[in-house]
Amino acid sequence: MDLGLSGKIALVAAASRGLGRAVAEELAREGMHLVICARGADALHETAQAIRGRTAATVIEVTADLSDSADVARVAETALSTFGRIDVLVTNGGGPPAGPFESHSDAAWDVAIRQNLHSVIGLTRAVLPGMKERRWGRIINVTSIAVKQPVDNLILSNSVRAAVTGFARTLANEVAPFNITVNNVMPGYTRTQRVEDLATHNASLRGTSTDAERGVWERQIPMGRLGEPAEFAAMVAFLASERASYTTGASIPVDGGWIRGLL
Ligand code: NAD
């Protein structure tokens, strides 16, 4: 299948490792040029260099904290001033900390809302005018299976992902006449540092081991294993593609069957 992405421009947020990095790699393999961002300059540079080494992509790195609206604006401005356009926006961010309601201060809520909701809004606001003008665009938000079935002990993530889902589903209708699609992809348990950290957190809560906690998840997943970041990235690449022109307003799981619901 020709995804029709060659030569197009993607902005992938929070892409120094994990799901964001896998998405950036996949889009670069499809011939796209990239703007990627993350907080840590060294890890971001290592990722950019790895992508440049394996593909013909131009990769612009922007060190930025997505919980800071000025940084979010700077990422978008750098992308637009470098390439003059963003065809595909992939919003992503670090996962909010785990813990029950009473463990999170107002400040923690504020950071989660700024990082995982406001950054989506800010990046969307920046890319939308150009997409409308060109009458083509793809906005893809990384959310979570928690949207369909909240995950215990992840109240910050569960709450903020729901807000992003309402935002995306509403925006999808507004921009569909401009040939712009807006979709969310919901990762299930996927082998990244975030999931490793969650397993370690759960192990310390329950007095078990990280391996044992991973095993608990594996038994909940019909496929019997965690996902690989590349499996997640393949879905994002499809949604970014020309071929996905009639799919919008959807939240699509990449979860090995973890969500038990019919819809
Ligand atoms: P990860 O921790 O492995 O990677 C997160 C990336 O975000 C890194 O590049 C990191 O540098 C960057 N980042 C973190 N905080 C940032 C900030 N304030 N500003 C800019 N960049 C920042 O996480 P992941 O597993 O790749 O997850 C990505 C997103 O998907 C997270 O929001 C996570 O909660 C969500 N998610 C992941 C899974 C999973 O199984 N991996 C499941 C459901 C949801």
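Not measured: the values here are computed from a predicted model.

Considering the site of the ligand
Then, in step 1: Residues in contact with the ligand amount to 28 residues; listed here are only the nearest, Ser16, Gly93, Arg161, Thr190 and Thr192.
Then, in step 2: Within the side chain of Ser16, a nitrogen or oxygen atom sits 2.7 Å from an oxygen atom of the ligand.
Then, in step 3: At 2.9 Å from an oxygen atom of the ligand is found a main-chain nitrogen or oxygen belonging to Gly188.
Then, in step 4: Against a free-state accessible area of 820 Å², the protein chains account for coverage of 93% of the ligand.
Then, in step 5: Elements represented by at least two residues in the shell around the ligand include exactly helix H1 (18–29) and helix H6 (193–206).
Then, in step 6: Looking at the shell around the ligand residue by residue, the classes come out as 10 nonpolar, 13 polar and five charged.
Then, in step 7: Inspection of the shell around the ligand shows a minimum of three residues originating in each of domain 1 (9–188 + 230–250) and domain 2 (190–226).

Let's talk about the pattern of salt bridges
Then, in step 1: Within the structure shown, the criterion is met by 14 salt bridges.
Then, in step 2: Across the pair Arg134 and Asp87 runs a salt bridge whose closest N-O atoms are separated by 3.8 Å. Highlighted residues: Arg134 in helix H4 (residues 106–134) and Asp87 in the loop between helix H3 (69–83) and strand E4 (88–91), separated in sequence by 47 residues.
Then, in step 3: One salt bridge in this structure joins Arg114 and Asp110, with 3.1 Å as the shortest N-O distance. Of the two residues, Arg114 and Asp110 both sit in helix H4, four residues apart, roughly one turn of that helix.
Then, in step 4: Residue Arg114 is classed as partly exposed on the basis of its relative accessible area, which comes to 28%.
Then, in step 5: Residues joined in a network through salt bridges with shared partners are Arg21, Glu25, Glu46 and Arg54.

Notes on the nonpolar core
Then, in step 1: Within the largest apolar cluster, 33 residues are counted, with the highest numbers of intra-cluster contacts made by Val12, Val23, Leu27, Leu34, Ile36, Val88 and Val90.
Then, in step 2: Of all elements in the fold, only strand E1 (9–12), H1, strand E2 (33–38), helix H2 (41–54), E4, strand E5 (137–142) and helix H8 (229–240) reach the threshold of two or more residues within this core.
Then, in step 3: Those residues in contact with Val88 that lie beyond four places of it in its chain are Leu5, Ile9, Ala10, Leu11, Met32, Met131, Trp136, Arg138, Ile140 and Ala240.

Criteria and thresholds
Residues numbered from 1 in each chain as written. Predicted model: local features only at pLDDT ≥ 70, side-chain atom pairs only at ≥ 80, totals over all residues. Heavy atoms only, no water. Near = heavy atom within 4 Å. Polar contact = N/O pair within 3.5 Å; in protein donor to acceptor, adjacent residues only side chain to side chain. Areas by Shrake-Rupley, 256 points an atom, 1.4 Å probe, with all protein chains shown as cover. Helix = DSSP H or I, 4+ residues; strand = E, 2+ residues; numbered from the N terminus. Nonpolar A, V, L, I, M, F, W, Y, C, P; charged D, E, K, R; others polar. Domains from an automatic or database assignment. Salt bridge = Lys/Arg side-chain N within 4 Å of Asp/Glu carboxyl O. Buried < 20%, exposed > 50% of the residue type's maximum accessible area, 1.4 Å probe, protein only. Core = buried A, V, L, I, M, F, W, Y, C linked by side-chain atoms within 4.5 Å. Contact = heavy atoms within 4.5 Å.

Function cannot be inferred from these measures alone, as they are strictly geometric.
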